[in-house]
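Examination of the molecular architecture
What follows is the residue order along each chain.
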Amino acid sequence: MAGHTITVAQQKGGSGKTTVAINLAVHLWREGHSVAVLDTDPQGSLGRWFMTRLEATAGAPGLEFATASAWGVSYECDKLKKTNDFVIVDTPPKADSDLRPALREADLVIVPVSASQLDLWATEAVLELVERTRRPSLAVLNRARAGTRLSTEMVTGMQSLEAPVAQTVLGNRVVFAEALGAGFGVSERQPSGRAAAEIAALAAEIRALLA
């Protein structure tokens with residue numbers, strides 16, 4: 001049975017798209033799944049993280065890594081799904097024709113929404129594109145500050161989106177950046193911390209949707 005493809009997409013840069021992709025991949029791998037990460041963003045942040053991970057793990061990253069142009073996504077996903085339970089696709093920060101191939105390959109599209117009104121507006125364009133490809137999606141509030149009025153307003157505003165909204169909210173935590181800079185995920189860096197618990201909860205929601 002072929003693996004599942006999870007595409008992480010958002011039009012606005014700075015939404016934490018790559019951070020979410022990496023941490024989901026690491027968590028799923030630590031659960032015992034075989035996982036591949038596919039970088040389709042020309043900026044190559046996922047690739048830089050993977051090279052750092054290779055060095056940090058003495059050449060034993062645990063995950064499979066590949067890159068693809070927008071129009072090579074289908075081929076790479078088909079290949080990676082044959083040998084992995086999950087393929088996590090990181091995409092460029094835009095909503096246009098270059099994003100569609102990665103959306104069409106997805107069993108689920110994750111749309112991180114950083115805690116700002118600008119991100120909420122940008123999300124609408126991405127979800128319109130997802131709807132055209134007829135793929136299921138899940139919007140996730142990211143980089144939220146607990147107890148603030150903005151986070152409360154964002155949760156309320158996200159209910160109007162044309163997509164299910166994750167119950168899990170990812171906090172604005174320094175450990176996310178620290179772990180990525182060292183080539184790890186928060187599940188490895190602080191396995192008993194709040195950030196790891198949030199990623200675990202999001203992964204559980206995703207598995208339930210894919211089941």
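Anything mentioned here points back to the structure above.
Predicted model only: the values in this text are computed from it and were never measured.

1. Re the sheet that holds strand E2 (residues 35-39)
One open sheet accounts for six strands, arranged E3-E2-E4-E1-E5-E6; its pairing is parallel. Unpaired on one side and paired on the other, strand E3 (64-67) and strand E6 (137-142) mark the two borders of the sheet. For this sheet the average axis-to-axis angle between neighbouring strands, irrespective of direction, equals 20°. Where strand E5 (residues 108-114) lies against E6, six bridges are found, and the strand directions are parallel. Following the sheet pairing, Ser114 is matched in E6 by Asn142. Taken strand by strand, helix H1 (residues 17-30) contacts strand E1 (4-8), E2, strand E4 (86-90), E5 and E6, and its axis lies near 165° from that of E4. Packing against the sheet, helix H5 (residues 117-133) makes contact with E5 and E6, and its axis sits at approximately 165° to E5.

2. A look at the packing of aromatic side chains
Scanning the entire structure with this criterion turns up one aromatic pair. Plain terms: the ring middles of Phe50 and Phe65 are 4.9 Å apart, the flat faces sit at 15° to each other, and that makes the pair stacked. Taken together, the residues Phe50 in helix H2 (residues 45-56) and Phe65 in strand E3 connect sequence positions 15 residues apart. By relative accessible area, Phe50 is classed as buried at 7%. Accessibility expressed as a relative area gives 25% for Phe65, which makes it partly exposed.

3. What about the pattern of salt bridges?
Side-chain pairs of opposite charge can arise whenever the charged atoms involved come near each other. Evaluation of the coordinates by the stated rule reveals six salt bridges. Residues Glu188 and Arg53 are paired through a salt bridge, measuring 2.8 Å at the closest nitrogen-oxygen approach. On the criterion of sequence distance, the pair formed by Glu188 in helix H8 (residues 186-189) and Arg53 in helix H2 is long-range, its members being 135 residues apart. According to the relative accessible area criterion, Arg53 is buried, its value standing at 1%. Here Glu198 and Arg173 are joined by a salt bridge, their closest N and O atoms 2.5 Å apart. In this pair, Glu198 sits in helix H9 (residues 194-210) while Arg173 sits in the loop between helix H6 (149-158) and helix H7 (174-181), placing the two residues 25 residues apart along the sequence. In this structure, a network of salt bridges that share partners links the residues Lys17, Asp41 and Asp90.

Reading the values: the criteria
- Residues numbered from 1 in each chain as written.
- Predicted model: local features only at pLDDT ≥ 70, side-chain atom pairs only at ≥ 80, totals over all residues.
- Heavy atoms only, no water.
- Pairing = 2+ DSSP bridges.
- Helix = DSSP H or I, 4+ residues; strand = E, 2+ residues; numbered from the N terminus.
- Axes fitted to C-alpha atoms, helices over the stretch in contact; angles between N-to-C directions.
- Contact = heavy atoms within 4.5 Å.
- Phe/Tyr/Trp six-rings, centres within 6.5 Å; stacked < 30°, edge-to-face > 60°.
- Buried < 20%, exposed > 50% of the residue type's maximum accessible area, 1.4 Å probe, protein only.
- Salt bridge = Lys/Arg side-chain N within 4 Å of Asp/Glu carboxyl O.

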